[in-house]
Amino acid sequence: MNLRAETMEHIDATIPRYPHKRSAVMPLLHAVQRDQGYISNEAIAWVAGKLGLEPVNVYEVVTFYPFFRQAPIGRRHIRLCRTLSCALCGGFGIAEVLEEAFECRMGETAPDGSATLEWAECLASCDKGPVLMLDDDLHENLTEEGVRELARTIRAENAEGSDSSMTGNNS
Amino acid sequence: MATITIDGQSYEADPSANLLQAALTLGFDLPYFCWHPALGSVGACRQCAVRQYRDEEDTTGQIVMACMVPVADGLRCSIVEPEAAEFRAEVIEWLMSNHPHDCPVCDEGGECHLQDMTVMTGHCKRRFRFPKRTFRNQYLGPFINHEMNRCIQCYRCVRFYGDYAGGSDLVAMAAHNHVYFGRHEEGILENEFSGNLVEICPTGVFTDKTLKHHYSRKWDMVSSPSVCSHCAVGCNTIASTRYGSVRRILNRYHHDINGYFLCDRGRFGYTFTDAADRLRRPLLHPDRERDVETVAEPAEAMKRIREIFSEATGVAGIGSPRASLESNYALRNLVGSGRFSSGLPRIEHDATTALLEAMRNAPDGPGSLRDAERADAVLILGEDPNNTAPRLALALRQSVRNEPIRADAGSRIPRWHDRAIRDFVQDRKGPLFIAWPASTRLDDLAAGTHRAAPDEIARLGFAVAHAIDPQSPAVTDLDDSASDLASRIARALKEADRPMVVSGTALRSPAIIAAAAATVHALRRTGSGGSSFLAVAPEANTIGDAMLEGAPLETLEQQLESGEVDTLVILENDIYRRLPAPATDRIISKARRIIALDSIATATTNRADVVLPAGSFAESDGTFVNHEGRAQRFFQPLPPAGDVLEAWRWIGRIAAETGTSKQNEWDRLDRVLTALARDCPELAPARDAAPDAAFRANGQRFPRAPRRFSGRTSILSHLSVHEPKPPEDSDSPLSFTMEGHSGQPPAALVSHYWSPGWNSSQALNKFQSEVAGPARGGDPGARLIPGNGPNERPSTAIPAPVPDDDQTLLAVPCYEVFGSDELSARAPAVAERIPKPYVALAPTDAEHHGLDSGDSLNLLIGELRVSAPVRLDPKLPPGLCGIPAGMPGWSVPHLPARASVVT
């Protein structure tokens, strides 16, 4: 596995914190996803080897949690809330704006790779809906115009190739 | 017992059970999915909802899951209360929302727990109008068919396969409405208990692929109670047939033996009965040296046998550990006990005799699988249960939880509360120690392993006995690690409430068996009450054969040499599998005439003058004596077709034909058993293993066919529209038709599990005295070896340390669950799983001889040359090599033996 030195360091420090090595499977998967942007089959086998598990035991975990990704995503990750309050406040209208702006459907990645759009369940900010998460940042009280502007910025950054963050992940 | 109230009626119930168990035991029909009597409760499926009331005053109550409610005095509940009933119907409706309703094309249809439960709850109208979720199925190997769309997410498959059987390649993936039970990628399910998924799955996700090749509905199959013929555990089975062939094997519950589960060898090995090389007609070989055979009429074959007998100076019989007790006894009776051989070479014969001796001397008699499951400290001395007695390995896998549960707070958690018990136990494991030359598939549970040569394993055993009780002789020159291990084992066994020592003939070492016996007796002397000795033997009737006390094959060779004997009758035994080919050739060529009886064509039958077609387990009635000395009767699901007869019946006819006994004296099973009981008092209880042929209920026989059997007239309509007279059965109280007693037969005669409303094998709970308890009216079989109390017995000498020898390797037998058993290896599905020939070698030895994995290794063992690719086994100690025993086509008999590497 071609992981960055600090990721490796973090992983090696994490494992001994648990009485049973296998308990470290979640933190390790998070670390790998932060490093690689997603969790490949190679990474699953690597984590399994590291913790003395069968690859399928790691695969179980990866497939159980929607936040573990098995395919690369766009440069930025947009998760739009679709739970009741946000939906009542126009969340689905925001979805349409996002789909138009990034020329892809919810659940897909923009053709230019600038972002991946996903639905999220409640992001715990119901009084300020609709809300979305842009990577690790919460954006509240969304308006259609504000979201168009946000999309323009993301696409522009992507076109310039400026390296504001790692490839499509939460770092 | 606790008094509980269900729907206003008072009942007595077992307070160690949960409410669901209690309700089923009391005969209520309460639906369930995730609960399984052997797997316990997790309270996941919400199907067994009932309304529970606080007390007599409480009229509101609350809905609870019966499987999670402990039975307690004063418990009040209602099953029929409308809201609870509606709740159960709604749960089914949710579960069915994605179920494809493909019952007519589903193998499970007609014996489906999901169908039964749906009908039981009354859900009959579908409201779900949307597309159903669908999955891609996986190829799971030759045994199991996968159809994920039918899944209702009860999780029983992974709970059995992973938690219970220790398999790691079947898991639950994803979440929500797309949970997927399967492998990481397509491929063979590796665990040797995968076949139980067929019965564990409440619907048709996992079905029997061997049945699929010749499918028939449950209600269309004629079945009989049978006993597995593929190892000495003697799991009880139901063999089902249609159109004259065996279609499948199902588990038949035996409280003390197999419980709810079988191994894959036992479940899928049955198709050897239909293999192309089955013998169905008598054969004559005019010239034994040349491969010319003629098919003969039975009368012609009998005439030839009469000639052979009249010309013979002496006739000797070779019995077989895979032939029934009756057949072996009939043969012994035909030739006289002085000329009867057990059919084993001396090396196996001596080990088997030592094992039988140890069983007879065991303080409480030989232990059962149920004892193994309940043991809280286990020492396995010279056995590899996963491969030699697979079902035992499954029992031992459960045993390692007993010590942690017993230890502290665990004892307060009810045993049925699976989730809580597993959370409590976590990864803690009770003491299980394994002494075996190579690695085993129980090593992941072991608190300690000793991988060494057979004599070193025996020395460890004696050292354990000495550490438990200094009265046992000490072992000198034991190295430090072995002696540390011996004291750890001794401590664990002494501290246990129910210690167990497992040993057997796998390494053909009487010393190992003596060491195991010494340990058991040492425990007994030091006051460990429940110490138990569990004997492992290789073949279905090894113990029964040994109890007839025949001589080893080598004695027969001497008798041939001296001219005392010149004619052999060989019963269901391929002696080429027992002795090296040159030695077998000598026996064969010294015998002037050979008469062989077998169900399959073997190297031995190919060299016989007369071959008589004997029935397999499917065409025979008979008795096997299992590893614990329990005589168990198996009944034919098929009337013998063509010229096939039970071997004991053929031998009876030979006896009549040659004037050794009166006509008709041996033509019924009960007559053979009566004679056996007269001649061999120790074996007399075998007669009571099942009711005799005259047994009736209300004057009626017990039907082999279910009451809904169809096609009786049309089944032969391509030949004739006249329905033939049903075959008669003079040997058992069973009939071949659906006519007869409609109630439950005694457990030994149960041909299928069915009860009104319960079409699947889960109907079993109606056949037990309590859920997961003994069968109603007692479990079948008769124990022949009662045990000897705490009697002292002299132990044999402790073997000397194995000397270092860098010139030769010690070749030891190793075993393969798929391959080492002669009969199942002929079943196509099992044959797919047989590994390629190999010789296991320690990496250091391989390096020493300049060999790498896969390189061809040539060995000279005595007069036998063996050549096979090297398989590196880092767990194997240097100086040893492991050769799989009994593999089809290249069996290497007569191990352990010194082997020299030939370049």
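Note that the structure is a prediction, hence the values are computed from the model and not measured.

### Quick look at the interface of chain B and chain A
In step 1: Contacts between chain B and chain A engage 10 residues on the former and 12 residues on the latter.
In step 2: Both faces considered, chain B and chain A share a buried interface measuring about 910 Å² in area, 64% of it formed by carbon and sulfur atoms.
In step 3: At the junction of chain B and chain A, the tally comes to 0 salt bridges.
In step 4: For the interface between chain B and chain A, the tally reads 1 residue pair in polar contact (both at pLDDT 80 or more).
In step 5: For the side of chain B that touches chain A, the class distribution of residues is 5 nonpolar, 3 polar and 2 charged.

### Overview of the sheet that holds strand β1 (residues 2–6) of chain B
Residues and elements named next belong to chain B.
In step 1: Here we have 5 strands laid out as an open sheet, ordered β2-β1-β5-β3-β4, and mixed in their pairing. Each having just a single partner strand, β2 (9–13) and β4 (62–65) make up the two edges of the open sheet. Sheet twist, expressed as the mean angle between neighbouring strand axes with direction ignored, is 40°.
In step 2: Judged from the 4 bridges that link them, strand β3 (residues 49–53) and β4 form a sheet pairing that is antiparallel. Its bridge partner lying in β4, valine 50 is registered against valine 64.
In step 3: Relative to the sheet, helix α2 (residues 82–96) contacts β3 and β4, its axis offset from that of β3 by approximately 155°.

### Looking at the packing of helix α1 (residues 5–14) of chain A against helix α2 (residues 25–36) of chain A
Residue and element names in this part refer to chain A.
In step 1: Between α1 and α2, the least distance of the axes is 10 Å, while the angle of their chain directions is 175°. Here α1 is positioned roughly antiparallel relative to α2, judged by the angle of their axes. Residue-level contacts link Thr7, His10, Ile11 and Thr14 of α1 to Pro27, Leu28, Ala31, Val32, Arg34 and Asp35 of α2.
In step 2: In terms of residue class, the contact of α1 with α2 is built from 5 nonpolar, 3 polar and 2 charged.

### Considerations on the domain arrangement of chain B
Residue and element names in this part refer to chain B.
In step 1: Domains assigned within chain B are domain 1 (2–96), domain 2 (103–116 + 128–274), domain 3 (283–338 + 563–738), domain 4 (349–532) and domain 5 (808–902).
In step 2: Between the C-alpha centres of domain 2 and domain 4 the distance comes to 32 Å.
In step 3: Each side of the interface is counted separately: domain 2 has 19 residues, and domain 4 has 16 residues.
In step 4: At the boundary of domain 2 with domain 4, total buried surface from both sides reaches about 1500 Å², with 53% on carbon and sulfur atoms.
In step 5: With a shortest N-O distance of 3.2 Å, glutamate 192 and arginine 441 are connected by a salt bridge.
In step 6: Run the count over domain 2 and domain 4 and you get 10 residue pairs in polar contact (both at pLDDT 80 or more).
In step 7: In terms of residue count, helix α4 (residues 156–164) provides more of the side of domain 2 that touches domain 4 than any other element does, 4 residues in total.
In step 8: Counted by class, the side of domain 2 that touches domain 4 contains 10 nonpolar, 4 polar and 5 charged residues.

### Here's the deal with the pattern of salt bridges
Residues and elements named next belong to chain B.
In step 1: Following the criterion strictly, the structure yields 76 salt bridges over all chains and no others.
In step 2: Between arginine 242 and aspartate 220 there is a salt bridge, with its nearest N and O atoms 3.8 Å apart. Taken together, the residues arginine 242 in strand β11 (residues 236–242) and aspartate 220 in the loop between α6 (209–212) and β10 (222–227) connect sequence positions 22 residues apart. The pair formed by arginine 242 and aspartate 220 is uniform in burial state, with each residue classed as buried.
In step 3: Salt-bridge contacts for arginine 630 lead to aspartate 256; the nearest nitrogen and oxygen are separated by 3.6 Å.

### A short note on the environment of alanine 496 of chain B
Residues and elements named next belong to chain B.
In step 1: Position of alanine 496 relative to the elements: it lies in the loop between α17 (480–495) and β20 (499–504).
In step 2: Judged by its relative accessible area of 10%, alanine 496 falls in the buried class.
In step 3: For alanine 496 and asparagine 402, which are 94 residues apart along the polypeptide, the C-alpha to C-alpha distance reads 9.9 Å.
In step 4: With sequence-adjacent residues up to four places away left out, alanine 496 is seen in contact with Asp376, Ala377 and Arg406.

### Considering helix α3 (residues 113–121) of chain B
All names here are of chain B.
In step 1: By the burial criterion, the buried members of α3 are His113, Leu114, Asp116, Met117, Thr118 and Thr121.
In step 2: On the buried face of α3, the contacting elements are α2.
In step 3: Note on α3: the residue one or two positions beyond its end, glycine 122, has a positive phi of about 90°.

### Notes on the side chain of glutamate 326 of chain B
Residue and element names in this part refer to chain B.
In step 1: If you trace the backbone, glutamate 326 turns up in helix α9 (residues 325–335).
In step 2: The charged side chain of glutamate 326 is buried without a salt bridge, its nearest counter-charge being arginine 633 at 4.1 Å.
In step 3: One polar contact links glutamate 326 to threonine 623, side chain to side chain, over a distance of 2.5 Å.
In step 4: Ignoring any residue separated from it by four or fewer positions in sequence, one finds glutamate 326 in contact with Gly622, Thr623, Arg633, Trp648, Leu669, Val672 and Leu673.

### Notes on unusual backbone geometry
The phi torsion of most residues other than glycine is negative, and most of the peptide bonds are trans.
In step 1: For the bond running from glycine 129 of chain A to proline 130 of chain A, omega is -5°, close enough to zero to count as cis.
In step 2: Here proline 130 of chain A lies in the loop between β2 (115–120) and β3 (132–134).
In step 3: With a phi close to 50°, tyrosine 243 of chain B is a non-glycine residue in the positive phi region.
In step 4: Relative to the assigned elements, tyrosine 243 of chain B resides in the loop between β11 and β12 (245–251).

### Observations regarding the sheet that holds strand β4 (residues 137–139) of chain A
Residue and element names in this part refer to chain A.
In step 1: In spatial order, the strands read β2-β1-β3-β4; together these 4 strands make up an open sheet with mixed pairing. Looking at the sheet topology across the chains shown, the edges are occupied by β2 and β4. For this sheet the average axis-to-axis angle between neighbouring strands, irrespective of direction, equals 25°.

### What about the confidence of the model for chain A?
In step 1: Considering every residue of chain A, the mean pLDDT works out to 90; 94% of them sit at 70 or more.
In step 2: A low-confidence stretch, residues 163–171 of chain A (pLDDT under 50), is modelled with 28 contacts involving residues beyond four sequence positions or located in other chains.

### Quick look at the side chain of asparagine 386 of chain B
All names here are of chain B.
In step 1: Examined against the element boundaries, asparagine 386 turns out to sit in helix α12 (residues 385–388).
In step 2: Among the polar contacts listed, one links the side chain of asparagine 386 to the side chain of glutamate 192, at a separation of 2.6 Å.
In step 3: For asparagine 386, the residues in contact, after removing those within four places along its chain, are Glu192, Ala393, Arg441, Leu442 and Val817.

### Notes on the packing of aromatic side chains
Residues and elements named next belong to chain B.
In step 1: Under the definition given, this model contains 22 aromatic pairs over all chains.
In step 2: Of the aromatic side chains, those joined through ring pairs into one cluster are Phe160, Tyr164, Tyr253, Tyr260 and Phe261.
In step 3: Seen from the ring of phenylalanine 424, arginine 428 lies directly overhead, with NZ or CZ sitting 4.7 Å from the centre.

### With respect to the nonpolar core
Buried together is how nonpolar side chains tend to be arranged in soluble globular proteins.
In step 1: The biggest cluster of nonpolar side chains holds 150 residues, and the ones touching the most others in it are Leu334, Leu392, Val464, Val502 and Phe533 of chain B.
In step 2: In terms of residue count, helix α18 (residues 510–525) of chain B provides more of this core than any other element does, 11 residues in total.
In step 3: Setting aside anything within four residues of it in sequence, one finds valine 502 of chain B in contact with Val378, Leu379, Ile380, Leu381, Leu392, Leu396, Leu534 and Val536 of chain B.
In step 4: Counting 132 residues, the second-largest nonpolar core is a separate cluster that includes Val25, Leu28 and Leu53 of chain A together with Phe268 of chain B.

### Regarding the pairing of strand β26 (residues 630–634) of chain B
Within a regular strand, side chains alternate between the sheet's two faces.
All names here are of chain B.
In step 1: β26 sits mainly inside the fold: 5 of its 5 residues count as buried.
In step 2: Burial along β26 is two-sided: Arg630, Gln632 and Phe634 facing one way and Ala631 and Arg633 facing the other are all buried.
In step 3: Summarising the sheet, strand β25 (residues 622–625) and β26 pair through 4 bridges and their orientation is antiparallel. Paired with phenylalanine 624 across the strands is glutamine 632, a residue of β26.
In step 4: Between β25 and β26, which pair antiparallel and follow one another directly, the connecting turn spans 4 residues, one of which, glycine 629, has a positive phi of 70°.
In step 5: Strand direction decides the pairing type here: β26 and strand β29 (residues 782–783), joined by 2 bridges, are antiparallel. The residue of β29 that forms the bridge with alanine 631 is alanine 782.

Definitions and limits used
Residues numbered from 1 in each chain as written. Chains lettered and ligands numbered in written order. Predicted model: local features only at pLDDT ≥ 70, side-chain atom pairs only at ≥ 80, totals over all residues. Heavy atoms only, no water. Contact = heavy atoms within 4.5 Å. Buried area = accessible area lost by both parts, 1.4 Å probe. Salt bridge = Lys/Arg side-chain N within 4 Å of Asp/Glu carboxyl O. Polar contact = N/O pair within 3.5 Å; in protein donor to acceptor, adjacent residues only side chain to side chain. Nonpolar A, V, L, I, M, F, W, Y, C, P; charged D, E, K, R; others polar. Pairing = 2+ DSSP bridges. Helix = DSSP H or I, 4+ residues; strand = E, 2+ residues; numbered from the N terminus. Axes fitted to C-alpha atoms, helices over the stretch in contact; angles between N-to-C directions. Parallel < 35°, antiparallel > 145°, perpendicular 65-115°, else oblique. Domains from an automatic or database assignment. Buried < 20%, exposed > 50% of the residue type's maximum accessible area, 1.4 Å probe, protein only. Lys, Arg positive; Asp, Glu negative; His and termini not counted. pLDDT = per-residue confidence, 0-100. Phe/Tyr/Trp six-rings, centres within 6.5 Å; stacked < 30°, edge-to-face > 60°. Lys NZ or Arg CZ within 6 Å of the ring centre and 35° of its normal. Core = buried A, V, L, I, M, F, W, Y, C linked by side-chain atoms within 4.5 Å.

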